[in-house]
Amino acid sequence: QVRLVESGGGLVQAGGSLRLSCAASGRPFSSYAMAWFRQVPGKEREFVASISAGGFTYYAESAKGRFAISRDNARNTLYLQIDSLKSEDTAVYYCASVESRTMTPLSRVAYWGQGTQVTVSS
């Protein structure tokens, strides 16, 4: 059984930083691309960043410069560092395990985590 468990969310002041973690189990973590998405109430879930099995990273335009995705294959853990937080970063952040080694616009997310809430106060 595949499990993705996010942690690290919380309430933070604008300008602060957070590091989200996603602990994965039940699947060969190092063999698949991973990604972060986020969603606010009433809006569609949106892509934030991805990292391939080989470590290649890709970011949404809104995430470039302040977000950093990384993975520790020895710990089966995915990370998302967010700096200079803004109120518009407030959302539920979801970890995703992709069906392939790299993530493309046609890639399918195979598994989702339950999400972790990030709230940025101004």
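A. Fine view of the sheet that holds strand E1 (residues 3-7). Spatial strand order, E1-E3-E8-E7: four strands in an open sheet with antiparallel pairing. Strands with a single pairing partner mark the edges of an open sheet, and in this sheet they are E1 and strand E7 (67-72). Going across the sheet, the axis of each strand differs from the next one's by a mean of 15 degrees, ignoring polarity. Sheet topology places E7 next to strand E8 (residues 77-82); six bridges connect them, and they run antiparallel. Looking at E8, one finds that Asp72 is bridged to Thr77.

B. Expanded view of the state of the cysteines. According to the stated counting rule, one finds one disulfide in the structure shown. Paired by a disulfide, Cys22 and Cys95 hold their sulfur atoms 2.1 Å apart. With the S-S bond torsion at -70 degrees, the cross-link from Cys22 to Cys95 turns out left-handed. Taken as a pair, Cys22 in strand E3 (residues 18-25) and Cys95 in strand E9 (residues 91-98) lie far apart in primary sequence, 73 residues in all. By relative accessible area, which is 0% here, Cys95 ends up buried.

Cut-offs used in this document
Residues numbered from 1 in each chain as written. Predicted model: local features only at pLDDT ≥ 70, side-chain atom pairs only at ≥ 80, totals over all residues. Heavy atoms only, no water. Pairing = 2+ DSSP bridges. Helix = DSSP H or I, 4+ residues; strand = E, 2+ residues; numbered from the N terminus. Axes fitted to C-alpha atoms, helices over the stretch in contact; angles between N-to-C directions. Disulfide = S-S within 2.5 Å. Buried < 20%, exposed > 50% of the residue type's maximum accessible area, 1.4 Å probe, protein only.

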